[in-house]
Amino acid sequence: MFKQILDEVFSDYDDLGQKVSEISQGSNFFQFTTAKREDVYNTFKAMHSVVENCLSFPRELSYIEIVENKSELLSSIISIARRHHYRGVTLDFFMSCWKVIVHVIEEKVNNLTGYANEDVRYLQSVIRKTYDACETLFLKEWMETQVDILQDELMKSNREMTLSKNKYQNIFDGVSDLIIVTDSNGNIVELNTAAKKYFEKYLNQENLCVCDLLGTDCDSLFVSFWGLSDDDEKYITLNRNDHFLMKVCSLDKVAQNYKGYIVMLNDVTGVVIRNQMLKNEVNKKTSELRKSKKFFQSIFSSTNAGIFIFDSDFKVYTQNRTAENIVGMDAQHLNNLGVNSYLIIEDGSGVTNVMKNLESNSTWSGELRLNTCNNTIYILATINAMDVEDEKFYSLIFIDISEIKNLEYQLVSEKRMVEEKNIALRNVIQAMMDENEKNIKELCKYASFQLESMLDEITTESRYEVRKELKSNILLKMRSFKDEFHDSEQSDEFASLTHSESIVCNYIKAGYSSKEIAEKLNVSIDTIQTHRKNIRKKFGITDKSINLYSYVKCNY
């Protein structure tokens, strides 16, 4: 419980330090101390620690016990006192500062609320005994320290302070930033080497104010900057072309007794110039993007191709005028229907199946059926998937190919009719060839019947004149067979064909393929190819680009 109360007393070092500064204002001793905030905070931390040590002891300790037997409980605060002693601080000066800090802590205890009075009084008693014991040990520290030890420590402390001062002076003068130190009114106290060089022409003036260097009046400068926090920065321009990032720090943030400011100017001229170049480039690119946007909008609106843009939910994000005219419905109406109801793939599935399988910057092309408000049309579409600001979109660009599809269907129908006619023609030719073969067989049978008796007579007749006459009659009879079974005289080329080649030629003229002819004649395809080669040779066809079917059909 007492630890909780003690923690609340020391919960805000900034508030305690501010109260110390307020109480010490105007005192003679306070003007000679740096009052560094770090030292003040370390003192509060040590004072918190020694009281906590005494509270944590198993029983309550008296003032005498703390001083004579338990001084180790106060070691942290004694170390701080010894460090100040070795730096040359007198006992009176140290005790004056100590009393101010003790009074601030006791005032904070007296103002506590929400705790039992007896608990607060007990804590006050422990704090008083502890701090009184500290004072006794402070006195002992100052009185018992030997002069030679003190002198050695003072010399050591002075050397450390000199080294520290030189180090920070070198840093102060070595940085490229312009650093100006002012008093609380803005009058210049010190400049680093870079600042002296930059503001050289102003340095011969007396009572020089920072406002004179920065080319502004003090009221606007102090209003603009002095009220800002230490993290606030502002851009300023000097000599028209030099750009700086300005930051103002209050010195009382470092030490309570310091009243003034540090003005730091970081040269960012190169950055500003680069930023201006980037700004010009951005403006140029923005202008080009605006032009591109206008061009795209013009093409999007005026192209003869229909364009749909779908979002990741397959809703119509926008459509161009051509698409709306073809479909006859606006985006809201289309979204109410659903994309799969008006865009259908040839296999009957919805177009969303295609879109889902598309990766970014990939495309799909194919034919779709588009159900409009009046009818169904066929379109040739290209779908592209794209990522725009981490959101997926799909573009569908299409043209109406309904007329082409109708022509295709018409050609397919006509082709089917032609094929049917070819089949019928082949059947007629086959019937004619079958009839021809039948006639040939009948001719052979008739010739055999007519000529057998004559041949028998020649065989049995011994008289030459009679045999000669019989031979003449046989030739006349054969010529009459030829005239009877040939309607017209064939050309010499056709006549040069063998019987098998003539049959193959007739099949070719009828439109049969080599495979079909081979099946009809019950021979191999190679045999038919040989006949075709011989036919071309006998017809004198040397140009391979001439189709044998076309040649025969046109000439025989």
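Preceding this section is the structure that the text describes.
It should be emphasised that the depicted structure is a prediction, and the values quoted were computed from it without experimental measurement.

> With reference to specific residues and values, describe the sheet that holds strand E1 (residues 178-183).
Across a sheet, strands are paired by hydrogen bonds formed along the backbone, either parallel or antiparallel in direction. One open sheet holds the five strands; their spatial order is E2-E1-E5-E4-E3, and the pairing between them is antiparallel. Edge strands, defined here as strands with exactly one partner in the open sheet, are strand E2 (188-191) and strand E3 (234-238). Each adjacent strand pair in this sheet contributes to an overall mean axis angle of 30°, direction not counted. Across five bridges, the pairing between E3 and strand E4 (residues 242-250) is antiparallel. Directly across from Lys 234, in E4, lies its bridge partner Met 246.

> Before we move on, can you summarise the packing of aromatic side chains with the specific residues and values?
For the coordinates displayed, the defined rule picks out 17 aromatic pairs. Between the aromatic rings of Trp 98 and Phe 138, the centroid separation amounts to 4.9 Å while the plane-to-plane angle is 90°, which identifies the pairing as edge-to-face. With Trp 98 in helix H6 (residues 91-110) and Phe 138 in helix H7 (residues 117-144), the pair connects residues that are 40 residues apart, well separated along the chain. Of the residues examined, Phe 138 reaches a relative accessible area of 0% and is grouped as buried. Through a chain of ring-to-ring contacts, three or more aromatic side chains come together here, namely Phe 94, Trp 98, Tyr 131, Phe 138 and Trp 142.

> Account for the environment of Val 263, naming residues and giving values.
Secondary-structure assignment places Val 263 in strand E5 (residues 260-267). On the accessibility criterion, Val 263 (0% relative accessible area) is buried. In sequence terms Val 263 and Thr 182 are 81 residues apart; their C-alpha atoms lie 7.8 Å from each other.

> Can you lay out the pattern of salt bridges for me, pointing to particular residues and giving the numbers?
Per the counting criterion, the structure on display carries 12 salt bridges. Here Lys 3 makes a salt bridge to Glu 52, at a shortest N to O gap of 3.6 Å. A residue pair is termed long-range when its members are at least 10 positions apart, and Lys 3 in helix H1 (residues 2-9) and Glu 52 in helix H3 (residues 37-55) qualify at 49 residues. The exposure class of Lys 3 is partly exposed, given its relative accessible area of 48%. Lys 19 serves as the salt-bridge partner of Asp 15, at 3.1 Å between the closest nitrogen and oxygen. With Asp 15 and Lys 19 both in helix H2 (residues 13-24) and four residues apart, this pair spans about one turn of that helix. Accessibility expressed as a relative area gives 26% for Lys 19, which makes it partly exposed. A network of salt bridges, in which partner residues are shared, links Lys 3, Asp 7 and Glu 52.

> Can you break down the side chain of Thr 43 residue by residue, with the values?
In this structure, Thr 43 sits in helix H3. When neighbours within four sequence positions are excluded, Thr 43 is seen to be in contact with Ile 77, Ile 80 and Ile 101.

Reading the values: rules and limits
- Residues numbered from 1 in each chain as written.
- Predicted model: local features only at pLDDT ≥ 70, side-chain atom pairs only at ≥ 80, totals over all residues.
- Heavy atoms only, no water.
- Pairing = 2+ DSSP bridges.
- Helix = DSSP H or I, 4+ residues; strand = E, 2+ residues; numbered from the N terminus.
- Axes fitted to C-alpha atoms, helices over the stretch in contact; angles between N-to-C directions.
- Phe/Tyr/Trp six-rings, centres within 6.5 Å; stacked < 30°, edge-to-face > 60°.
- Buried < 20%, exposed > 50% of the residue type's maximum accessible area, 1.4 Å probe, protein only.
- Salt bridge = Lys/Arg side-chain N within 4 Å of Asp/Glu carboxyl O.
- Contact = heavy atoms within 4.5 Å.

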